[in-house]
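Fold and contact review
Spelled out from the first residue to the last, the chains are:
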Amino acid sequence: SISRVDFDKVDRKKIVKIQAVVGQATEDVKLQVPVMAQGNIEDWLLGLESQMQKSVQRETRSAAADTGAVPAGIPIKDYCDRY
């Protein structure tokens, strides 16, 4: 779930990153395509949900593709910190 969103520094209506907070741990995901927070709230929230799903899917695919790097020598902590 989304706990917070980060807006673009220049265009304050453009959501560029989402953040989930669980206890003291936070996880940031940069959106694949920024979402404009303007107009009908239901419309841009649906757009945010769609971009959240696409962006998390992108990160999951990337992490899955990199699992082969762990036995090849990348330290497991570095792998976990990356994702």
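Residues numbered from 1 in each chain as written. Predicted model: local features only at pLDDT ≥ 70, side-chain atom pairs only at ≥ 80, totals over all residues. Heavy atoms only, no water.

1. Section: the confidence of the model for the protein chain
Looking at the protein chain as a whole, the pLDDT averages 89, with 96% of positions reaching at least 70. Looking at the elements of the protein chain, mean pLDDT is at its lowest for helix α2 (residues 76-82), recorded as 76, and at its highest for strand β1 (residues 4-7), recorded as 96. (pLDDT = per-residue confidence, 0-100. Helix = DSSP H or I, 4+ residues; strand = E, 2+ residues; numbered from the N terminus.)

2. What to know about the sheet that holds strand β2 (residues 14-22)
The sheet built from three strands is open, its strands ordered β1-β2-β3 with antiparallel pairing. Looking along the sheet, the strands with just one partner apiece sit at the ends: β1 and β3 (25-36). Going from strand to strand, the sheet's axes swing by 25° on average, the running direction of each strand aside. Direction of pairing for β2 relative to β3: antiparallel, over a ladder of eight bridges. Opposite alanine 20, over in β3, you have glutamate 27 as the bridge partner. Against the sheet, helix α1 (residues 41-66) contacts β1, β2 and β3, and its axis sits at roughly 120° relative to β3. (Pairing = 2+ DSSP bridges. Axes fitted to C-alpha atoms, helices over the stretch in contact; angles between N-to-C directions. Contact = heavy atoms within 4.5 Å.)

3. Points about α1
The terminal C-alpha atoms of α1 lie 37 Å apart, and with 26 residues this matches the ideal 38 Å at 1.5 Å per residue to within 8%. Burial in α1 covers these residues: Trp44, Leu48, Gln51, Ser55 and Ala63. (Expected span 1.5 Å × (residues − 1). Buried < 20%, exposed > 50% of the residue type's maximum accessible area, 1.4 Å probe, protein only.)

4. A look at the pattern of salt bridges
Taken as a whole, this structure holds three salt bridges when the rule is applied. Residue lysine 17 is joined to aspartate 6 by a salt bridge in which the shortest nitrogen-to-oxygen separation is 3.3 Å. Of this pair, lysine 17 sits in strand β2 while aspartate 6 sits in strand β1; the two residues are eleven residues apart in sequence, bridging distant segments of the chain. The exposure class of lysine 17 is partly exposed, given its relative accessible area of 26%. You can call aspartate 6 partly exposed: its relative accessible area is 29%. One salt bridge in this structure joins arginine 58 and glutamate 59, with 3.1 Å as the shortest N-O distance. Of the residues examined, arginine 58 reaches a relative accessible area of 28% and is grouped as partly exposed. Relative accessible area serves as the criterion here: at 30%, glutamate 59 is assigned to the partly exposed category. (Salt bridge = Lys/Arg side-chain N within 4 Å of Asp/Glu carboxyl O.)

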